[in-house]
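# Structural overview
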Amino acid sequence: MELRRVTLKDFDKLFQWINDEDVRKNARYTQKVSRHSFEFDFLKNIENPNIHHFIIMDNNYEIGQIKISKEKIKVVYSYSIDKNYRNKGFGLNAIKLAENYIKDNKNQFKDVNELVAYVRNSNIGSCKIFEKLLYNVEFKNNDYTIYIKKL
Ligand SMILES: CC(C)(COP(=O)(O)OP(=O)(O)OC[C@H]1O[C@@H](n2cnc3c(N)ncnc32)[C@H](O)[C@@H]1OP(=O)(O)O)[C@@H](O)C(=O)NCCC(=O)NCCS
């Protein structure tokens, strides 16, 4: 498995993935994303040096996407696996690859001292992933959990 940078050619695929039923259900804002607002964000993000957006690849197949956003001293993940490839370990490995990317590119993440994920409690798969990778529960309410790993 590997991560490759998102390019403009990935627009249609990412637009399709962002409106996947489970992606919306597990997102912070659950309503469908319009093409117009997706296009606005996509073009803005692709030029933002603090947003590292990748396609998750396995044997030349496009398995999913992961966005690593640097927000001052923290990094926040947003990721999804294509519905045809879920429950095969790709989600877990994508977060491992993201951690390695951050560690290997220290110059771009100079002030960062924590890795953060916001996960709905109903999203058992994602909760398991961060627990397996030894993230700590920083906050939890009825709806979601904030997982943090200190660097
Ligand atoms: C959440 C998501 C990224 C997980 O990726 P994945 O590749 O399916 O997960 P993995 O195969 O690495 O599974 C990790 C663990 O969660 C479990 N799991 C995965 N999906 C599950 C589900 N729907 N219900 C219960 N357990 C689940 C797996 O069995 C595995 O546990 P195990 O190691 O004890 O067997 C993927 O389901 C997805 O893209 N969902 C929609 C978008 C989303 O929720 N993104 C994350 C937002 S925080």
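This text gives an overview of the structure that appears in the document. (Residues numbered from 1 in each chain as written. Predicted model: local features only at pLDDT ≥ 70, side-chain atom pairs only at ≥ 80, totals over all residues. Heavy atoms only, no water.)

So, about the pairing of strand β2 (residues 51-58). Among the eight residues in β2, seven count as buried, and that is most of the element. Relative to β2, strand β1 (residues 2-5) runs antiparallel, the two being bridged by four bridges. Each residue of the ladder has a partner; that of arginine 4, found in β2, is isoleucine 55. As judged from the eight bridges shared by β2 and strand β3 (residues 61-71), these two strands associate in the antiparallel manner. Note on β3: the bridge partner recorded for isoleucine 56 is glycine 64. The turn linking β2 back onto β3 is made up of two residues, and asparagine 59 within it adopts a positive phi angle of 50 degrees. (Buried < 20%, exposed > 50% of the residue type's maximum accessible area, 1.4 Å probe, protein only. Helix = DSSP H or I, 4+ residues; strand = E, 2+ residues; numbered from the N terminus. Pairing = 2+ DSSP bridges.)

This next bit is on unusual backbone geometry. One non-glycine residue, asparagine 59, lies in positive phi territory at about 50 degrees. The residue asparagine 59 is located in the loop between β2 and β3 in this model. For asparagine 59, a relative accessible area of 66% gives the class exposed. Positive phi, close to 70 degrees, is recorded for asparagine 60, a residue that is not glycine. Of note, asparagine 60 is situated in the loop between β2 and β3.

Before going further, it helps to spend a moment on the nonpolar core. Membership of the largest hydrophobic core comes to 26 residues, with the highest contact counts inside it found for Ile68 and Tyr77. Those elements that provide at least two residues to this core are β2, β3, β4 (74-81), α4 (90-104), β5 (114-120) and α5 (124-132). Broken down by element, the residue count for this core peaks at seven residues, all from α4. Among residues more than four places away in sequence, those in contact with tyrosine 77 are Ile66, Lys67, Ile68, Ile95, Ala98, Glu99, Ile102, Leu115, Val116, Ala117, Phe130 and Tyr135. Judged by nonpolar contacts, the second largest core, of ten residues, contains Phe15, Trp17, Val33 and Phe42. (Core = buried A, V, L, I, M, F, W, Y, C linked by side-chain atoms within 4.5 Å. Contact = heavy atoms within 4.5 Å.)

The next thing to look at is α4. Note on helix geometry: an α-helix contains 3.6 residues per turn, so any two residues three or four positions apart are oriented the same way. Given a rise of 1.5 Å per residue, 15 residues ought to cover 21 Å, and the 20 Å separating the end C-alpha atoms of α4 matches this to within 8%. Among all positions of α4, only Phe90, Gly91, Leu92, Ala94, Ile95, Ala98, Glu99, Tyr101 and Ile102 are buried. (Expected span 1.5 Å × (residues − 1).)

These figures come from the coordinates and say nothing about function on their own.
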